[in-house]
Amino acid sequence: MRIERLGDLGEAPSVLRALARATTRLRLAPPAALTGEWFGSRAVIAPSVTAAGVAVGDVFDVDPGDRTDGPVGGGWFGYLAYPDAGADGVQPRIPQAAGGWSDCVLRCDRDGTWWHESLSGAGLSDWVSDALQSAPVPRDAVITWGAADRAAHQRGVRACLEAIAAGEVYQACVCTRFTGTLDGDPVDFFVDAVSRTAPARAAYVAGDWGAVASFSPELFLRRCGEAMTSSPIKGTLPAHADPAELRASVKDVAENIMIVDLVRNDLGRIAHIGSVTVPELLAVRPAPGVWHLVSTVSAQVPARLPMASVLEATFPPASVTGTPKARARELLTGWEPHRRGIYCGTIGLASPVAGCELNVAIRTVEFAADGTAVLGVGGGITADSDPALEWDECLHKAAPIIGGSAGSARRVSPRVAWAR
């Protein structure tokens with residue numbers, strides 16, 4: 001592997017913007033990007049990735065590396081959509097899974113220094129070097145959003161409460177969605193929103209099929225050698241609230257602990273016996289527009305276990321399904337009118353050097369090739385959930401994206417405008 005120090009290239013959004021303009025001009029495949037807290041770095045960007053639709057069993061199919069000192073080198077960038085249909089039975093808008101391989105990346109370390117890393121040993125391409133010399137003028141990318149279906153969401157929440165009372169499930173994540181039309185380029189929308197909100201697990205992947213722009217705060221899986229970690233989020237308050245209220249909330253604490261148990265069960269199916277632990281329980285952390293309760297579950301998993309087997313045991317993420325997981329998934333297909341798509345799936349990178357890191361694709365916008373956009377939001381329902389408050393939580397989560405400024409949603413439905 002070849003590693004070259006590039007120095008200070010600026011913030012990740014501006015680097016991504018420059019690469020995106022260059023690939024458009026040169027008619028190359030677009031870049032893919034991970035920004036926030038990935039692989040111990042601020043950003044990992046592939047300058048150009050041909051992200052095509054692939055079989056679900058082939059995603060992230062890379063033997064995981066075990067290097068933890070920084071370098072990533074390259075690997076497979078892509079996504080896997082949430083697998084279940086909605087009540088309408090409509091087929092996916094974009095491929096169920098898509099991605100592609102990059103032999104090189106630009107990586108911004110924790111100190112803000114950029115590096116060029118190449119698995120093949122090749123040097124920095126001339127076109128990439130030229131692109132990094134410029135600072136393109138930001139361009140607007142505006143989504144005109146419609147209102148989410150409050151009545152359908154409330155019906156789903158009430159049905160979930162009835163299922164909980166009947167003992168069918170203990171908890172389930174009931175979701176809704178906003179739909180809109182994009183005027184501009186998805187990468188410009190992503191760049192602007194990341195610049196404003198700085199989410200921990202942001203990700204961008206695009207292809208001829210469209211694009212996914214994720215502003216997630218949540219880690220689904222980190223795999224490095226035999227070590228595997230998941231950090232589920234359950235429990236939310238708006239950013240203006242007192243974060244101490246989260247730890248004091250019986251509902252939020254119960255919700256989080258139930259999902260921790262589900263993650264422990266999922267990882268326990270593939271982990272070495274006795275290796276599943278909970279090193280962090282009920283930590284309060286900020287995310288764009290909200291406070292969250294976050295826990296961490298760790299395990300030791302055979303390094304040679306294929307990613308297909310890992311995902312079979314753990315996907316879709318526990319925090320976006322419910323307990324028991326199988327029954328919650330069955331019921332959700334009737335409670336939610338529409339297929340979730342990439343929302344509640346996962347996006348990330350599998351590197352033969354540094355392992356695999358995947359987010360939970362919440363706060364994620366799915367763009368079809370025709371420019372239509374979908375944003376899913378939801379929350380966990382427990383026995384003492386209030387349907388009206390659950391709707392408010394959806395609005396709080398959507399607000400940083402729906403109620404943004406330039407490059408985001410300028411034309412906002414009055415129904416959601418207050419959530420700014």
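Residues numbered from 1 in each chain as written. Predicted model: local features only at pLDDT ≥ 70, side-chain atom pairs only at ≥ 80, totals over all residues. Heavy atoms only, no water.

Quick look at the overall build of the protein now. Across its full length, the protein carries 10 helices and 22 strands. For the protein, whose C-alpha radius of gyration is 20 Å, the value lies close to the compact-globule estimate of 22 Å for 420 residues. With the C-alpha coordinates of the protein rotated into their principal frame, the extents come out at 65 × 55 × 40 Å. By the burial criterion, 60% of the 420 residues in the protein qualify as buried. Contacts spanning at least 24 positions in sequence make up 74% of the contacts within the protein whose residues lie at least 6 apart. (Helix = DSSP H or I, 4+ residues; strand = E, 2+ residues; numbered from the N terminus. Rg over C-alpha atoms; globule rule 2.2 N^0.38 Å. Buried < 20%, exposed > 50% of the residue type's maximum accessible area, 1.4 Å probe, protein only. Contact = heavy atoms within 4.5 Å.)

Low-confidence regions, as indicated by low pLDDT, have predicted coordinates that should not be scrutinised in detail. Put simply, the protein has an average pLDDT of 93, and 96% of its residues get 70 or more. A low-confidence stretch, residues 404-420 stays under pLDDT 50, and its non-local contacts, those more than four residues away or across chains, total 55 contacts. (pLDDT = per-residue confidence, 0-100.)

Glancing now at helix H6 (residues 250-268). In a regular helix each residue adds 1.5 Å, so 19 residues correspond to 27 Å; H6 covers 27 Å between its end C-alpha atoms and thus fits that length. Turning to H6, its buried residues number three or more, namely Lys251, Asp252, Val253, Glu255, Asn256, Ile259, Val260, Leu262, Val263, Asp266 and Leu267. (Expected span 1.5 Å × (residues − 1).)

Our next topic: the environment of Ile401. Mapped onto the secondary structure, Ile401 falls in helix H9 (residues 387-402). With relative accessibility at 4%, the residue Ile401 sits in the buried group. Taking the C-alpha atoms as reference points, Ile401 and Leu221, separated by 180 residues in sequence, lie 24 Å from one another.

The biggest cluster of nonpolar side chains holds 49 residues, and the ones touching the most others in it are Phe60, Leu311 and Trp335. The leading source of residues in this core is H6, at 5 residues. The contacts of Phe60, once residues within four sequence positions are left out, are Trp76, Gly78, Tyr79, Met307, Leu311, Thr346, Ile347, Gly348, Leu349, Ala350, Cys356 and Leu358. One finds Ile143, Phe178, Ala202 and Ile401 within the second-largest nonpolar core, a separate group that totals 44 residues. (Core = buried A, V, L, I, M, F, W, Y, C linked by side-chain atoms within 4.5 Å.)

What follows concerns the pattern of salt bridges. All chains considered together, the criterion is met by 20 salt bridges. Of the charged contacts in the structure, one is a salt bridge between Asp266 and Lys325, with a shortest N-O distance of 2.9 Å. Pair noted here: Asp266 is in helix H6 and Lys325 is in helix H8 (residues 325-335), with a separation of 59 residues, a long-range link. Residues joined by salt bridges that share partners form a network here, namely Lys234, Lys251, Glu255 and Glu390. (Salt bridge = Lys/Arg side-chain N within 4 Å of Asp/Glu carboxyl O.)

The next thing to look at is the packing of helix H3 (residues 150-165) against H9. Relative to each other, H3 and H9 sit at 125 degrees, their axes nearing to 10 Å. One way to sum up the angle between H3 and H9 is to call them oblique. The chirality of how H3 crosses H9 is right-handed. From H3, Arg150, His153, Gln154, Val157, Arg158 and Leu161 reach across to H9, where they touch Pro387, Ala388, Glu390, Trp391 and Cys394. Across the contact of H3 with H9, the residue classes break down as 6 nonpolar, 2 polar and 3 charged. (Axes fitted to C-alpha atoms, helices over the stretch in contact; angles between N-to-C directions. Parallel < 35°, antiparallel > 145°, perpendicular 65-115°, else oblique. Left-handed = near helix turned anticlockwise from the far one by under 90°. Nonpolar A, V, L, I, M, F, W, Y, C, P; charged D, E, K, R; others polar.)

With 6 of 6 residues buried, strand S15 (residues 233-238) lies mostly within the body of the structure. As paired elements, S15 and strand S17 (residues 290-300) share 4 bridges and run antiparallel to each other. Looking at the pairing, Pro238 lines up with Val290 of S17. (Pairing = 2+ DSSP bridges.)

The next thing to look at is a nonpolar patch on the surface. On the surface, Ile257, Val278 and Leu281 cluster together to form a nonpolar patch covering roughly 220 Å² of accessible area. Mapping Ile257 onto the fold places it in helix H6. (Patch = residues over 30% accessible without salt bridge, like charges linked within 9 Å, V, L, I, M, F, W, Y side chains within 5 Å. Areas by Shrake-Rupley, 256 points an atom, 1.4 Å probe, with all protein chains shown as cover.)

All right, on to the environment of Cys224 then. Note on placement: Cys224 falls in strand S13 (residues 219-224). On the basis of relative accessible area, Cys224 is assigned to the buried category, the value being 16%. In this structure, the C-alpha to C-alpha distance between Cys224 and Ser298, residues 74 residues apart in sequence, is 12 Å. With sequence-adjacent residues up to four places away left out, Cys224 is seen in contact with Gly65, Asp66, Arg67, Thr68, Ala354 and Gly355.

This part takes up the environment of Ala211. Its location among the elements puts Ala211 in strand S12 (residues 210-216). Along the primary structure Ala211 and Trp114 are separated by 97 residues, whereas in three dimensions their C-alpha atoms are 25 Å apart. Setting aside anything within four residues of it in sequence, one finds Ala211 in contact with Pro186, Tyr204, Val205, Ala206, Val365, Glu366 and Phe367.

Note: strand S9 (residues 142-145) against strand S10 (residues 171-183), 4 bridges, orientation antiparallel. Bridge pairing links Val142 to Asp183 in S10. In this sheet, strand S18 (residues 322-323) lies alongside S10 in antiparallel orientation, the contact comprising 2 bridges. In the sheet register, Gln171 faces S18, and the bridge partner there is Thr323. Bridge count for S10 against strand S22 (residues 372-381) is 10 bridges, and the pairing is antiparallel.

According to the stated counting rule, one finds 7 aromatic pairs in the structure shown. On the basis of an interplanar angle of 75 degrees and a centroid distance of 5.7 Å, the ring pair of Phe189 and Phe367 is categorised as edge-to-face. One end of the pair, Phe189, is in helix H4 (residues 186-197); the other, Phe367, is in strand S21 (residues 364-368), and 178 residues separate them in sequence. Residue class for Phe367 comes out buried when judged on its relative accessible area of 0%. (Phe/Tyr/Trp six-rings, centres within 6.5 Å; stacked < 30°, edge-to-face > 60°.)

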